[in-house]
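Chain residues, written in single-letter form:
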Amino acid sequence: MHYRPFGKTGLDVSAVAFGCGKTGGLLITGSDDDRRLAVRAALDGGINWFDTAADYGDGKSEEALGWLLEEAPEDPFVSTKVTVDPSRDDLPGQIEESLAGSLKRLRRDHVTVLQLHNRIDPGAGGKALDLEKLLGPDGVAEGLERVREKGLARFIGLTALGDGAAAADAIASGRFDSAQVFYNLVNPSAAR
């Protein structure tokens, strides 16, 4: 396995991560035996980063990963994601509430990386965030920084979804430790 530095974290993560989302769906819909075999094979193959989200299977991915990693002697890096509702007040409070649920499901007292899962797009509406809600006072970045300061997440990042220029501005702010660009072998659309 090859390892690479991950953003500004100082962590060396495996070039291949174990994605716990709906693309493969194993942690959401697989049998316990298949889940256990897949996680064991990943760890034996040198994978040291497991990536999940509260949204994956309405928490089922985090629940499965929690008990699976509890069984393993290894302690890999775990990242999860938070999606906020930009139409509601208290964005930092939403982050803390979501992370509390994630930590309970993951059976952990902290995650390695907590990432924003919302799109960054000034004109998209819905769950998309503009830069003011992301970087402004009482915004998402402030909420992520709070959970990092409390030790609930070692590092904070974003998934860099949405408008490329807006995502680049968010990264250039220097407030995030990482940006995870969506790219996988099943759906390589990010390369285009």
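Residues numbered from 1 in each chain as written. Predicted model: local features only at pLDDT ≥ 70, side-chain atom pairs only at ≥ 80, totals over all residues. Heavy atoms only, no water.

*Asks:* I keep staring at the pattern of salt bridges and nothing clicks. Help me out?
*Replies:* Following the criterion strictly, the structure yields 15 salt bridges and no others. Ionic pairing is found between R146 and D138, a salt bridge with its closest N-O pair at 3.7 Å. The partly exposed category is assigned to R146, whose relative accessible area is 29%. Between D177 and R148 there is a salt bridge, and its shortest N-O distance comes to 3.0 Å. Of this pair, D177 sits in the loop between α7 (164–172) and β8 (178–179) while R148 sits in helix α6 (residues 140–149), placing them 29 residues apart in sequence. You can call D177 buried: its relative accessible area is 11%. The exposure class assigned to R148 is partly exposed, which follows from its relative accessible area of 28%. (Salt bridge = Lys/Arg side-chain N within 4 Å of Asp/Glu carboxyl O. Buried < 20%, exposed > 50% of the residue type's maximum accessible area, 1.4 Å probe, protein only. Helix = DSSP H or I, 4+ residues; strand = E, 2+ residues; numbered from the N terminus.)

*Asks:* It is not clear to me how the packing of aromatic side chains should be interpreted in this structure. Could you clarify?
*Replies:* Remark: the centre distance and the inter-plane angle together describe each pair of aromatic rings, the angle taken between the planes. Throughout the structure, instances matching the rule amount to 2 aromatic pairs. Here the aromatic rings of F6 and W49 are separated by 4.7 Å at their centres, their planes lie at 55°, and the arrangement is tilted. On the criterion of sequence distance, the pair formed by F6 in the loop between β1 (3–5) and β2 (12–14) and W49 in strand β4 (residues 49–51) is long-range, its members being 43 residues apart. Comparing F6 with W49, the two get one shared label, buried. (Phe/Tyr/Trp six-rings, centres within 6.5 Å; stacked < 30°, edge-to-face > 60°.)

*Asks:* Where do I start with the nonpolar core in this structure?
*Replies:* Across soluble globular proteins, nonpolar side chains have a tendency to be buried as a group. Of all hydrophobic cores here, the largest spans 39 residues; its most connected members are F18, F50, L114, V140 and L144. For this core, the secondary structure elements donating two or more residues are α2 (32–44), α3 (60–71), β5 (77–82), α4 (91–106), β6 (111–116), α6, β7 (153–158) and α7. Discounting chain neighbours no more than four positions away, the residues touching L144 are V82, I95, L114, L116, I156, G157 and F176. Counting residues in each nonpolar core, the second largest holds 7 residues, with L11, W49, F77 and F155 among its members. (Core = buried A, V, L, I, M, F, W, Y, C linked by side-chain atoms within 4.5 Å. Contact = heavy atoms within 4.5 Å.)

*Asks:* When you look at α7 in this model, what are you seeing that I'm missing?
*Replies:* The α-helix advances 3.6 residues per turn, and as a result positions three or four apart in sequence lie on the same side. Within the span of α7, buried status applies to A166, A167 and A170. Along the long axis of α7, the arc covered by the buried residues comes to 100°, so they all point the same way. Facing away from the buried surface of α7 by more than 90 degrees, the exposed residues are G164, A165 and A172. Taken together, the buried residues of α7 touch α5 (131–135) and β7. Downstream of α7 by a residue or two, G174 has a phi angle that is positive, lying close to 80°. (Arc of directions from axis to C-beta.)

*Asks:* Explain unusual backbone geometry here, please?
*Replies:* Positive phi values are uncommon outside glycine, yet D58 reaches one of about 50°. In this structure, D58 sits in the loop between β4 and α3. At D90, a position not held by glycine, the phi torsion is positive, near 60°. The topology assignment puts D90 in the loop between β5 and α4.

*Asks:* Mind showing me how you'd approach the packing of α3 against α4 here?
*Replies:* The packing of two helices is summarised by the inter-axis angle and the distance between the axes. Remark: α3 packs on α4, axes separated minimally by 7 Å, with the N-to-C direction vectors making an angle of 40°. Classified by the angle between their axes, α3 and α4 sit oblique to one another. Contacts between α3 and α4 involve E62, E63, L65 and G66 on the former and, on the latter, S102, R105 and L106. Counted by class, the contact of α3 with α4 contains 2 nonpolar, 2 polar and 3 charged residues. (Axes fitted to C-alpha atoms, helices over the stretch in contact; angles between N-to-C directions. Parallel < 35°, antiparallel > 145°, perpendicular 65-115°, else oblique. Nonpolar A, V, L, I, M, F, W, Y, C, P; charged D, E, K, R; others polar.)

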